Structures are given as structure tokens and as C-alpha cells.
Amino acid sequence: MAEKVWRLDQLRQTAEECGIDYEELIPKIQEIQKILFEDREYIPVEVCLLPYKKAIGQKRYIEYRRRLRKLLEEHPKLMEKLDISFFNDRVLAKAVLKYRWPLGLLPQYQDDEVMVRYSLSHSGESIEFASKRFQNNREWVKFAIEHSANGTIMYLDCMKPYRKDKELVYLACKVERWNFVYVDKSYRDDFELAKLCMEQVGNLNTIYEYMSARLRGNKELAMFDLQEDFPNTEYYSSKLRNDDEIAATLFRLHGADSWAWHHMSKRLKKKYKIEEM
């Protein structure tokens, strides 16, 4: 591996051909050596020449950049080990801006509309690292929410001004129901919003316990919950825990062994011959 990384004679020769002082490259060579020894990550030593774009010529530059981009796409965390100046190249920046966190490490792009949109289109939650003008713009926030799948965007501090905005609240909960937990508490009693969330059967994050007492006693919402792998009967109202239709559905979908029976009424457990676990 070391021989592959440290083709220093070839690097020195290329530097001399391009009129680059080899001594200037030594700090970056040492950075690459450190990454290999400490993180066991291989970076071609030729990337040291990327800051000398004019000197090495377009052909070499594109080839060395291609090698680094491929590595970054496979191992984006490598960017944390590299000098930030490498990412002045927008192609290399885009290789990592597909993820949420790199925008926070690249201040040169936090106010760049093209690059912010690119980052948000891959991970809407990266808006927390965009400049205030994006965070304060409702259309940009909406775009971020639309592209925040598998994320809970409403928990971000920059989203506090939008936690009462009905359109954005509904949009966020449609994208990911766990956002329900972070929007304004006035929505805890919103049946339509709760239904929108509960219809997302299969999402491991349940919002049932965060709904108002009135909604926790709603049979229609409970029926959605019963379709989950692990029904949340502990949060049902006492009336629902003694409801024959609820019990029949629980038995049909989960049988007699489900732990969810533990919270059902004694009458229903006796009816279905449920043994206490």
C-alpha cells in the first residue's frame, strides 16, 4: 500500500516538469501519509498537485480530480481529513454535498444558491448549515422540507419559526411522521394531521404517545396503530383497551402472544385466553 501511495520520485518528476517547487508539496504529502497510518484510507499522492491547476494542465488536473472524486464518493468522511482548499473545486464539493453535514464544513458554499440547492436536493436537513438568507426564506425552507425524506427536519433550531406554519407542518409530517413530535404543541390535537402520520404504517417511530388524550382515545387512529409490528396499546385510552373491536383486530393481526395484550382489559384478556407474560 505504501508503495502505491508514495510514488514520490514520480511526483517529484511531475512537479519539476510543471515548474512546481517540490518542497511546497511536502506538508500535503505528510497529510496523506498521516491519513494512511491513522485511518487506513488511501489517497493518491498526486492529489497534492490539484491546487496547481494552471501549472499541471487541464489533462492532469481532470485525471487527478477524478481519482479524488471517486474516493470521496465512496468515503465522504475523508473530506474531514483534507485541506478545505481542495473543495474550492465545485466538482469535488458536489461529491460530498450529497450528504447533510459537509455544507457545514464548506463556508465558501453556504451562501451559494446553486450549491445550497444541490445540497438541499440530496438532504433537506443541510439547511441548518446554509446562510440565514436561506433559512429565513419560506420557499427555500419548503424546498428543504420536500427533500428531507428519512430525516426529522422540524427538530432543527432554524425551523422554529415554521413549527406553526400549517402548510409546512403538514408537508413535514407527510415526508416523515416523526416531525409531529417537534411541531407546535397545538397540533397534538389535530385529527387530520395525526391521521396523516398514523397512515404511514411501518415507520418505527410512533407518534401515538404524543397525541392529545382525545386522539389517543380515537378508534380510527388506534386501528392504524394496530397494523404496526408493535402496537402501542399502553397509550390507548381505557375505553379502547376494553373495546371488543380493538381486541378482535389485535388478535387477528398479532395473535395471542403479542406483548400488546398486557395493557388490554382483564375482561378482554380472559375472553381471548391471554396468559399474563
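Asks: So what about the overall build of the chain? Which residues, and what values?
Replies: Helix and strand content of the chain: 15 helices and zero strands. For the chain, the C-alpha radius of gyration of 27 Å lies well beyond 19 Å, the compact-globule estimate for 277 residues. Counting only C-alpha atoms and orienting by the principal axes, one finds that the chain spans roughly 90 × 45 × 25 Å. For the chain, the proportion of its 277 residues judged to be buried stands at 47%. By sequence separation, contacts in the chain at least 24 residues apart represent 48% of the contacts at least 6 residues apart. About 14,900 Å² of surface is accessible on the chain, with carbon and sulfur atoms providing 48% of the total. Positive and negative side-chain charges in the chain, numbering 47 and 46 respectively, have mean positions lying 4 Å apart.

Asks: Pulling in residues and values, what's your account of the environment of Ala 15?
Replies: Relative to the assigned elements, Ala 15 resides in helix H2 (residues 8-17). Sequence separation between Ala 15 and Glu 46 is 31 residues, and the spatial gap between their C-alpha atoms is 9.8 Å. Not counting residues within four places of it along the chain, the set of residues in contact with Ala 15 comprises Ile 20 and Leu 25.

Asks: I'd like a description of empty space enclosed by the protein, backed by residues and values.
Replies: In this structure the tally under the stated criterion is two cavities of 30 Å³ or more. Its volume calculated, the second largest cavity comes out at about 30 Å³. In this structure, the second largest cavity is lined by Lys 28, Glu 31, Ile 32, Val 47, Cys 48, Leu 82 and Phe 86. Split by residue class, the lining of the second largest cavity holds five nonpolar, no polar and two charged.

Asks: Any details on the confidence of the model for the chain? Residues and values, ideally.
Replies: Across the chain, the average pLDDT comes to 93, with 97% of residues at 70 or higher. Note on residues 1-5: pLDDT under 50 across the span, and nine contacts to partners over four residues away in sequence or across chains.

The rules we used
Counting starts from 1 at the beginning of each chain's written sequence and moves along it residue by residue. pLDDT decides what is reported in this predicted model: residues at 70 or higher carry local features, side-chain atom pairs at 80 or more are listed and counted, and totals for whole chains, interfaces and linings draw on all residues regardless. As a rule here, side-chain values come from all non-hydrogen atoms in the structure, and water together with hydrogens is ignored. Secondary structure follows DSSP: runs of H or I at least 4 residues long count as helices, runs of E at least 2 residues long count as strands, and numbering of each begins at the N terminus. Only C-alpha atoms enter the radius of gyration; for comparison, a globular chain is expected to reach 2.2 Å times N to the power 0.38, where N is the number of residues. Three labels apply to residues, based on accessible area from a 1.4 Å probe with only protein chains included: buried if under 20% of the type maximum, exposed if over 50%, partly exposed otherwise in between. Working rule for contacts: check all heavy atoms of both residues, and any pair within 4.5 Å makes them a contact. We get accessible surface area from the Shrake-Rupley algorithm with a probe of 1.4 Å; when it comes to residues, only the shown protein chains can shield them. Charge counting follows a simple rule: Lys and Arg are positive, Asp and Glu are negative, and His as well as the terminal groups are ignored. We put the charge of a Lys on NZ, of an Arg on CZ, of an Asp on CG and of a Glu on CD. Cavities and pockets were defined on a 1 Å grid built from protein atoms only: a cavity is a group of points that admits a 1.4 Å probe but offers it no way out, a pocket is an open group of points flanked by protein on both sides within 12 Å along at least five of seven lines, and a lining residue is one with an atom within 4 Å of any such point. Grid points are joined across faces, edges and corners, and a volume is the space filled by probe spheres set on the points. Nonpolar residues are Ala, Val, Leu, Ile, Met, Phe, Trp, Tyr, Cys and Pro. Charged residues are Asp, Glu, Lys and Arg, and all others, Gly as well, are polar. Here pLDDT means the predictor's own confidence in every residue, given as a number from 0 to 100.

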